[in-house]
Amino acid sequence: MLPDLADLTADAHVVALPMRVRFRGITVREALVLRGPTGWTEFSPFVEYDDREATAWLRSTIDFGWTEHDPAADAVPVNATVPAVGPDAVADLLARYPGCTTAKVKVAEPGTSTDDDVARVAEVRRVMGPGAAVRVDANGLWSVDQAVEALERLAPYGLQYAEQPCRSVPELAELRRRIAGLDVPVAADESVRRASDPLAVARAGAADVLVVKAQPLGGVTAARAIVAEAGLPCVVSSALDTSVGLGTGAFLAAAAMSPGYAAGLGTAAMFETDVTDTPLLPVGGRVPVRRAEVSRELLERNAASPERTAWWLARLERVHALLAAA
């Protein structure tokens, strides 16, 4: 069911949330949150994504706001997220994720070196101890040769997996063969959520783990179907959502995530503020599986400028028209 545009915009608000540190090149995260019959839901495709790609995000908005989903658990374990910072900032960042025993560390950030990545991962391992799970995420920015070289240096720190080390599915498959002796599993993220065929990576034997995000895959219902068909271990992660969008991810993680992994849903800790008085922040290494109840005061305080609000509402209208025509 595709709601009318008027229903989508009846209680819709564009917010601009400042971040504590730069992440994915972003210092302020913009998002559109709106209320549907089953509660608050989110539409927040990254600004560089075109309207066609944003249709999946709108399907997720509708799926969560117009469908009742059963919380399959009370809470899900989550990882800490460490951006491309210097080693001296690692301990303070990890302190924002109390109880988390898994960390995802950004690597291959433009303007940094493999030496920087090794120093960052080494410090995460030192702070968290030998029993923690440490992942790295390159966002597809390494070539196969660069990934081999970097992972040979990072492997001694005991990596749970390397997320999207290279951009394409053939590159991931080649890398997986070349590092078979390193004991570093390959996880696919962009090759799932930004692909016209999200199952191609599984069929090609190019990954050991799938990283899935609810919004880019069309919502809880669609993402669960993809995970089931792929037949690979699954980790649910956020798309730098507000706590409204993190709620979508938490419902998906409770229903579909593989045991033994922590979800990448602790990212509310990266924001200076949120849209709710009770954000989905990690407590004891877990976040609750629930829908966020939005604060009208915070919506007003964090409202985007009139120009940016108009931009988002126009985008929503265009993407809605694409779905209506499909």
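In this text the structure is predicted, and so the values were computed from the model without any measurement.

On to the packing of aromatic side chains, then. Evaluated as defined, the whole model comprises seven aromatic pairs. On the numbers, 5.8 Å between centres and 75° between planes, the contact of F46 with W57 is edge-to-face. Within this pair, whereas F46 is found in the loop between β3 (39-43) and α2 (51-66), its partner W57 is found in helix α2, the two being separated by 11 residues in sequence. Both residues of the pair, F46 and W57, count as buried. Pairing Y161 with Y261 gives two aromatic rings, centres 6.4 Å apart and planes at 45°, and the pair type is tilted.

Further remarks concern the sheet that holds strand β8 (residues 159-163). With parallel pairing, the seven strands of this open sheet are ordered in space as β5-β6-β7-β8-β9-β10-β11. The outermost strands of the open sheet, each flanked by one partner alone, are β5 (80-82) and β11 (234-237). Between one strand and the next, the sheet's axes are offset by a mean angle of 25°, whatever the strand orientation. The pairing of strand β10 (residues 209-213) with β11 spans four bridges and is classified as parallel. Residue V211 lies in a different strand from β11, and its bridge partner there is V235.

Attention now moves to the pairing of β10. Most of β10 is tucked away: five of the five residues are buried. Tracing the backbone out of β10, into helix α9 (residues 220-230) and back to the parallel element β11 gives a crossover that is right-handed.

The next point concerns the side chain of R135. Tracing the backbone shows R135 in strand β7 (residues 133-137). One polar contact links R135 to Q160, side chain to side chain, over a distance of 2.6 Å. Among the polar contacts listed, one links the side chain of R135 to the backbone oxygen of A262, at a separation of 2.6 Å. Apart from the residues within four sequence positions on either side, R135 is in contact with N79, T102, A103, K104, V105, Q160, Y161, V235, Y261 and A262.

The next point concerns the nonpolar core. Within the largest apolar cluster, 112 residues are counted, with the highest numbers of intra-cluster contacts made by F43, V136, W142, L151, V201, V212 and L265. Ranked by residue count, the leading element in this core is helix α10 (residues 243-256), at eight residues. The contacts of V212, once residues within four sequence positions are left out, are V192, L217, V227, C234, V235, V236, S237 and L252.

Turning to the packing of α2 against helix α12 (residues 306-325), a few remarks are in order. Following both chains from N to C, one finds α2 and α12 inclined at 85°, their axes separated by 9 Å at the closest point. Accordingly, the angle class assigned to the pair α2 and α12 is roughly perpendicular. Counted together, D51, R52, A54, T55, L58, R59 and I62 of α2 and R315, L316, R318, V319, H320, L322 and L323 of α12 form the full contact between these two elements. Looking at the contact of α2 with α12 residue by residue, the class counts come to seven nonpolar, two polar and five charged.

With that out of the way, let us pick up the side chain of S295. Mapping S295 onto the fold places it in the loop between β12 (286-288) and α11 (296-301). A polar contact of 3.1 Å, which involves the side chain of S295, links it to the backbone nitrogen of L298. Not counting residues within four places of it along the chain, the set of residues in contact with S295 comprises V275, T276 and D277.

With that settled, consider the environment of R308. Structurally, R308 is set in helix α12. The partly exposed category is assigned to R308, whose relative accessible area is 27%. For the pair R308 and V244, spaced 64 residues apart in sequence, the C-alpha separation works out to 20 Å. With residues near it in sequence (within four places) discarded, R308 still touches V14, E30 and V47. Within the structure, the side chain of R308 is placed 2.8 Å from the side chain of E30, a separation counted as a polar contact.

One can find P279 in the loop between α10 and β12. For P279, a relative accessible area of 24% gives the class partly exposed. In the structure, P279 is positioned 36 residues away from S243 in sequence and 5.5 Å away in space, judged by C-alpha atoms.

Strand order across the open sheet formed by three strands is β1-β2-β3, with antiparallel pairing between neighbours. In this open sheet, the two strands that pair with only one neighbour each are β1 (12-23) and β3. When the angles between neighbouring strand axes are averaged without regard to direction, this sheet yields 35°. The strands that α2 touches are β2 (26-36) and β3; relative to β3, the one it contacts most, it runs at about 175°. Of the strands in this sheet, β1, β2 and β3 are in contact with α12, which crosses β2 at around 55°.

We now examine the pattern of salt bridges. Inspection of the entire model under this criterion finds 20 salt bridges. Close ionic contact of E293 with R35 constitutes a salt bridge, the shortest N to O distance being 3.0 Å. Residue E293 is found in the loop between β12 and α11, and its partner R35 is found in strand β2; the two are separated by 258 residues along the sequence. Assessed through its relative accessible area of 33%, R35 is described here as partly exposed. A cluster of three or more residues bridged by salt bridges with shared partners is formed by K104, K106, D137 and E163.

Parameters at a glance
- Residues numbered from 1 in each chain as written.
- Predicted model: local features only at pLDDT ≥ 70, side-chain atom pairs only at ≥ 80, totals over all residues.
- Heavy atoms only, no water.
- Phe/Tyr/Trp six-rings, centres within 6.5 Å; stacked < 30°, edge-to-face > 60°.
- Helix = DSSP H or I, 4+ residues; strand = E, 2+ residues; numbered from the N terminus.
- Buried < 20%, exposed > 50% of the residue type's maximum accessible area, 1.4 Å probe, protein only.
- Pairing = 2+ DSSP bridges.
- Axes fitted to C-alpha atoms, helices over the stretch in contact; angles between N-to-C directions.
- Right-handed = clockwise from strand over helix to strand, strands pointing away.
- Polar contact = N/O pair within 3.5 Å; in protein donor to acceptor, adjacent residues only side chain to side chain.
- Contact = heavy atoms within 4.5 Å.
- Core = buried A, V, L, I, M, F, W, Y, C linked by side-chain atoms within 4.5 Å.
- Parallel < 35°, antiparallel > 145°, perpendicular 65-115°, else oblique.
- Nonpolar A, V, L, I, M, F, W, Y, C, P; charged D, E, K, R; others polar.
- Salt bridge = Lys/Arg side-chain N within 4 Å of Asp/Glu carboxyl O.

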